[in-house]
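# Coordinate inspection notes
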Amino acid sequence: MTVSTQAPPAPARPAGDPGPGAASGPGTGLDPGELDGLRTVRARHPWRWAAGAAALVVLVQFLHGLATNPAWDWATFRLYFTADTILQAIGRTLELTAYGTVLGFALGAVVAAMRLSRSAILRTLAWAYVWVFRSIPLIVQLVFWFNLSYLYKRFGFGIPFGPTFGDFETVGVLGALGAAVLGLGLHQAAFAAEIIRGGVIAVDAGQREAAAALGIPPGRQAWRIVLPQAMRSILPAAANEVISLLKGTSVVYVMAIGELFYQAQVIYGRTGRVVPLLMVATVWYVVLTTVLSIGQYYVERYFSRGARRTPPPTPLQRLRAFLRSLPARTSGGTP
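Description of the structure in this document. Everything quoted here is computed from the prediction, not taken from an experiment.

### Things to note about the layout of surface pockets
Roughly 350 Å³ of volume is contained in the largest pocket. Every residue lining the largest pocket is counted, 14 residues in all, and those nearest its centre are Leu116, Val200, Ala222, Val226 and Leu227. When residues of the lining of the largest pocket are assigned to their parent elements, the largest contribution, six residues, is made by helix α10 (residues 218–248). By residue class, the composition of the lining of the largest pocket is 11 nonpolar, one polar and two charged.

This is the structure we're talking about:
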């Protein structure tokens with residue numbers, strides 16, 4: 001006795017009937033009304049909801065502790081948050097950040113060009129610079145530059161290994177602020193050089209080859225073709241470095257420069273209110289970092305014009321569109 005494993009033949013269907021698995025709609029031969037009785041069930045994610053609820057509970061507990069724990073001493077926080085000494089310290093922090101950024105990226109561009117040079121000597125010197133200044137901690141560099149006058153009492157101009165035409169005392173030129181700017185700038189240049197170099201080599205070589213085939217001069221190739229494309233790769237990392245430099249200026253407290261963290265230390269050393277003064281510095285750092293992040297967003301949006309024909313709307317544009325659609329939403333119409 002044998003058993004057949006083949007399925008029985010399907011019954012013949014009338015012409016024009018595509019069967020139950022066929023799509024519905026115009027041209028399919030299936031009446032769309034046949035799918036009206038089907039119910040759509042959304043996928044459920046219970047663990048995702050549980051994780052979100054747990055995160056919200058932790059956040060609410062933290063905010064409740066901020067509001068109810070008297071150790072935070074919010075009265076002292078409000079007293080010193082906009083104090084004149086704190087505002088002056090913020091100005092000094094921004095000043096150090098601006099000087100370090102300009103010096104760091106200007107020198108970093110030169111070092112990056114040396115690393116991309118065909119000269120083995122220039123490439124080796126640039127690599128050695130990056131290696132040294134990335135290896136030594138920033139606080140060590142600052143202390144070294146602050147004590148440079150101990151090693152070199154005077155600096156002079158003249159013929160190398162020959163007579164000098166003029167000299168000056170190191171202490172009179174390189175004070176605490178100058179040493180801080182020099183240390184921050186040289187340290188920043190090592191990282192900026194690698195960021196710029198990475199952005200340039202990320203541009204496809206065919207872009208330069210096509211520009212050269214069109215007879216475009218090398219300088220114009222770099223300025224009008226390579227650099228705009230490289231900026232899309234350079235900007236995110238460069239903005240991170242600027243934000244790191246903003247927070248890194250707190251290291252210059254070892255040189256007794258009145259930046260934000262140093263002034264907070266001075267005040268809580270006098271009043272004994274450590275936590276609220278640290279919160280003053282923390283909130284101001286968050287505010288300054290947020291402003292820089294917003295600037296980063298709009299600069300990146302500007303340089304993305306070549307990659308996108310229609311950039312996505314900004315958060316402000318989305319908010320305006322949402323507010324304009326509110327009347328239609330409330331009346332039940334289509335926004």
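### Observations concerning the environment of Thr249
On the secondary structure map, Thr249 appears in the loop between α10 and α11 (260–271). The residues contacting Thr249, other than those within four sequence positions of it, are Thr93, Leu96, Thr97, Leu184 and Glu259.

### Details of a nonpolar patch on the surface
Among the surface-exposed residues, Trp127, Trp131, Val132, Ile136, Ile139, Val140, Val143, Tyr253 and Val254 lie close enough to one another that they form a single nonpolar patch of about 750 Å² accessible area. Mapped by element, the contributors of at least two residues to the nonpolar patch are α4 (120–135) and α5 (138–146). In this structure, Trp127 sits in helix α4.

### Thoughts on α5
For α5, the complete set of buried residues consists of Leu138, Gln141, Leu142 and Trp145. An end-on view of α5 places all buried positions within 100° of arc, on one side of the element. On its buried side, α5 packs onto α4, α6 (148–151), α8 (176–201) and α10.

### Things to note about the packing of α11 against helix α12 (residues 274–303)
Each packed pair of helices is defined by two parameters, the angle between the axes and the distance between the axes. Between α11 and α12, the least distance of the axes is 9 Å, while the angle of their chain directions is 165°. As far as their axial angle goes, α12 and α11 are roughly antiparallel. Considering how the two elements wind past one another, α11 and α12 form a crossing that is right-handed. Between α11 and α12, the contacting residues are Leu260, Phe261, Ala264, Ile267 and Tyr268 on the first element and Val274, Leu277, Leu278, Ala281, Trp284 and Tyr285 on the second. In the contact of α11 with α12, the residues fall into 11 nonpolar, no polar and no charged.

### Some thoughts on the packing of α5 against α8
At a minimum axis separation of 9 Å, α5 and α8 run at an interaxial angle of 140°. The angle between α5 and α8 falls in the class oblique. Seen from above, α5 lies across α8 with right-handed handedness. Residues Leu138, Gln141, Leu142, Trp145 and Phe146 of α5 pack against Ala176, Ala179, Ala180, Leu182, Gly183, Leu184, Leu186 and His187 of α8. Split by residue class, the contact of α5 with α8 holds 10 nonpolar, three polar and no charged.

### Re unusual backbone geometry
Phi is positive for Asp73, close to 55°, though the residue is something other than glycine. Residue Asp73 is classed as buried on the basis of its relative accessible area, which comes to 17%. In this structure, Ala256 takes a positive phi of about 60° despite not being glycine. Relative to the assigned elements, Ala256 resides in the loop between α10 and α11.

Thresholds applied
Residues numbered from 1 in each chain as written. Predicted model: local features only at pLDDT ≥ 70, side-chain atom pairs only at ≥ 80, totals over all residues. Heavy atoms only, no water. 1 Å grid on protein atoms, 1.4 Å probe; cavity = no way out; pocket = protein on both sides within 12 Å on 5 of 7 lines; lining within 4 Å. Points joined across faces, edges and corners; volume = space filled by probe spheres on them. Helix = DSSP H or I, 4+ residues; strand = E, 2+ residues; numbered from the N terminus. Nonpolar A, V, L, I, M, F, W, Y, C, P; charged D, E, K, R; others polar. Contact = heavy atoms within 4.5 Å. Patch = residues over 30% accessible without salt bridge, like charges linked within 9 Å, V, L, I, M, F, W, Y side chains within 5 Å. Areas by Shrake-Rupley, 256 points an atom, 1.4 Å probe, with all protein chains shown as cover. Salt bridge = Lys/Arg side-chain N within 4 Å of Asp/Glu carboxyl O. Buried < 20%, exposed > 50% of the residue type's maximum accessible area, 1.4 Å probe, protein only. Arc of directions from axis to C-beta. Axes fitted to C-alpha atoms, helices over the stretch in contact; angles between N-to-C directions. Parallel < 35°, antiparallel > 145°, perpendicular 65-115°, else oblique. Left-handed = near helix turned anticlockwise from the far one by under 90°.

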